[in-house]
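# Tertiary structure, described
So you can see what is in the structure, the chains are spelled out below.
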Amino acid sequence: MPGFEFFGAEERKEVNDVLETGILMRYGFDGPRKGIWKAQELEKAITTTFGCKYAQLTSSGTAALTTAMLALGVGYGDEVIMPAFTFVASFEAVLSVGAIPVLVDIDETLTLNPHAVRKAINAKTKCVMPVHMCGSMADLDALSAICAEHNLILLEDACQSIGGTYKGKLLGTIGHAGTFSFDFVKMITCAEGGVVMTNNKDVYEKSDGYTDHGHDHLGVDRGADLHPFIGYNFRISELHAAVGLAQIRKLDSFLALQKKNNKALRTYLEQIPEISFRVIPEGGEDSCSFLSWFLPTTELTQSVVAEMKEQGILAGNFYWFANNWHYISKWDHLKNSTTLGRISPEQEAALLHLKSTSFAASDAIMGRCISTAISLIWTDEQIKEKGEKMVAAIRKVLNER
Ligand SMILES: *Cc1c(COP(=O)(O)O)cnc(C)c1O
């Protein structure tokens, strides 16, 4: 996944362009900036690379999710259906707009189970937010059909799946809006940054205004801009956008390496008949940022994690089930509604309700899942060594059964 593995002369050149003019802000200063508009250039590159009409950069992926929800009209009291396996940012964004996160089970795609989504729909449901975790995707045809049937918004959190495709379209461009994160560990990075992508002009214009205090950006004088609605500051800086511009030009080569390394490592794990792999929905192509695999039981998986730790080969392997940041089982702050300020009674009640909600179906999947992060800089020799050591550790545990 990490583009930071290839930070180099290209990124430095783009940043230096900005440092030479000293105009670090993306708006205004038309004269002194000498034609350097990195954020605009990156937005354009995003629309052409990913095939969407509009792209609005933000200061983070979390800010992109917040912005997208507001631009789509999600707010106070609205319910947003989202998966129990994601990064905390997904529910943080829902809460930030006053909406209610409704967490539901995942399936072996490691993303939203469409049946669980259907069951969670009620009169307050406004939006379905699949999170395309670890490089691959939710069943977007099934979710699109559900959204069409119930007149719901489909917002893709594609922060972790830059470059993955579904039926020929890039993830993040299929719903009413989609977001990427360009934080430091994502497929391509700006250090910090994110983007809202959409084909809807209204959603774009609202995103554009919201991220810059509501500016309508129609004139040449910022002070004379109108403010058609109340906004916020989620602007990206020119320095960050400059890094992203160099990175997006390398995306194809990153993806090619990632797919090659993922496939090579997979051939080792495939030697073990007890191992199965994450399900990719029909028509989907994984970005391959992780290789996610299952063992037959949670107990065996925990033993394999312990064995890999013991052998010093656990680094880069994620057992999300026991991870504080990615799965409901460890989100006590969420389930106890531990917030700094008061939130709405509806939000609080929904969060406390999570304590007594069963996620047994997700537990049964996450308890058996290990995701191996794919590095872009592995050599063939390193992949061989890694694959052989992993296979040996797994076999040892399986043989001791
Ligand atoms: C990284 C990430 C985000 C948030 O992105 P930031 O840029 O770190 O704010 C949101 N959702 C998912 C699934 C992520 O992995």
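Residues numbered from 1 in each chain as written. Predicted model: local features only at pLDDT ≥ 70, side-chain atom pairs only at ≥ 80, totals over all residues. Heavy atoms only, no water.

Here we come to the site of the ligand. The environment of the ligand is formed by 14 residues, the closest being Gly61, Thr62, Ser181, Asp183 and Lys186. A distance of 2.5 Å is found between an oxygen atom of the ligand and a side-chain nitrogen or oxygen belonging to Thr62. At 3.1 Å, a side-chain N or O of Lys186 approaches an oxygen atom of the ligand. Protein chains shield 94% of the accessible area of the ligand, which is 380 Å² for the free molecule. Along the lines of polarity and charge, the residues of the shell around the ligand split into five nonpolar, six polar and three charged. (Near = heavy atom within 4 Å. Polar contact = N/O pair within 3.5 Å; in protein donor to acceptor, adjacent residues only side chain to side chain. Areas by Shrake-Rupley, 256 points an atom, 1.4 Å probe, with all protein chains shown as cover. Nonpolar A, V, L, I, M, F, W, Y, C, P; charged D, E, K, R; others polar.)

This brings us to the pairing of strand β5 (residues 153–157). Within a regular beta strand, the side chains point alternately toward one face of the sheet and then the other, so they alternate between its two faces. For β5, a buried count of five out of five residues is recorded, marking the element as mostly surrounded by other parts of the structure. Side chains of β5 alternate between two faces, with Ile153, Leu155 and Asp157 and Leu154 and Glu156 buried alike. As defined by bridge partners, strand β4 (residues 125–128) adjoins β5 across two bridges and the pair is classed as parallel. Counted as the bridge partner of Val128 is Leu154 from β5. Crossover handedness for the path β4 to helix α6 (residues 140–150) to β5: right-handed. Taken together, the three bridges between β5 and strand β8 (residues 177–181) define a ladder with parallel strand orientation. Bridged to Leu155 within β8 is Ala177. (Buried < 20%, exposed > 50% of the residue type's maximum accessible area, 1.4 Å probe, protein only. Helix = DSSP H or I, 4+ residues; strand = E, 2+ residues; numbered from the N terminus. Pairing = 2+ DSSP bridges. Right-handed = clockwise from strand over helix to strand, strands pointing away.)

Think of a sheet as strands paired side by side through backbone hydrogen bonds, with each pair either parallel or antiparallel. The strand order β7-β6-β11 describes an open sheet built from three strands, whose pairing is antiparallel. Looking at strand neighbours, the two that pair on one side only are β7 (169–170) and β11 (284–285), the edges of this open sheet.

This part takes up the domain arrangement of the chain. Each assigned domain of the chain is listed here: domain 1 (3–251) and domain 2 (255–400). Between the C-alpha centres of domain 1 and domain 2 the distance comes to 25 Å. Listed per partner, the contact involves 41 residues of domain 1 and 44 residues of domain 2. Counting each side, the surface lost to burial between domain 1 and domain 2 is near 3,500 Å², with a carbon and sulfur contribution of 65%. The three residues of domain 1 that bury the most area against domain 2 are Glu5, Glu108 and Cys134, which together make up 17% of that side's buried surface. In this structure, Arg368 engages Glu108 in a salt bridge whose closest nitrogen and oxygen atoms are separated by 2.7 Å. (Domains from an automatic or database assignment. Contact = heavy atoms within 4.5 Å. Buried area = accessible area lost by both parts, 1.4 Å probe. Salt bridge = Lys/Arg side-chain N within 4 Å of Asp/Glu carboxyl O.)

One finds Met69, Val74, Phe85, Leu155, Leu269, Trp293 and Ile394 to be the most contacted residues of the largest nonpolar core, which totals 70 residues. Both domain 1 (3–251) and domain 2 (255–400) contribute no fewer than three residues apiece to this core. Those residues within four positions of Leu155 in sequence are excluded, and the remaining contacts are Leu65, Ala68, Met69, Leu72, Cys127, Val128, Met129, Pro130, Ala177, Gly178 and Thr179. In terms of nonpolar packing, the next biggest core, distinct from the first, is built from 47 residues, Leu57, Ala120, Leu154 and Met197 among them. (Core = buried A, V, L, I, M, F, W, Y, C linked by side-chain atoms within 4.5 Å.)

Attention now moves to the pairing of strand β9 (residues 194–198). Of all the five residues making up β9, five are buried; the element is thus mostly covered by neighbouring parts of the structure. Of the two faces of β9, the one carrying Gly194, Val196 and Thr198 and the one carrying Val195 and Met197 are both buried. As paired strands, strand β1 (residues 54–58) and β9 are joined by five bridges and run antiparallel to one another. Paired with Gln56 across the two strands is Val196, which belongs to β9. Where β8 meets β9, four bridges bridge the pair, whose relative direction is antiparallel. The residue bridging Ser181 from the neighbouring strand is Gly194, located in β9.

Moving on to the sheet that holds strand β13 (residues 317–318). Strand order in the open sheet made by the four strands is β10-β12-β14-β13, with antiparallel pairing throughout. Edge positions in the sheet fall to β10 (276–277) and β13, since each of these pairs with one other strand and no more. Judged from the two bridges that link them, β13 and strand β14 (residues 369–373) form a sheet pairing that is antiparallel. Looking at the pairing, Phe318 lines up with Ser371 of β14. Packed onto the sheet, helix α9 (residues 251–269) meets β10, β12 (290–294) and β14 and runs at close to 20 degrees relative to β12. (Axes fitted to C-alpha atoms, helices over the stretch in contact; angles between N-to-C directions.)

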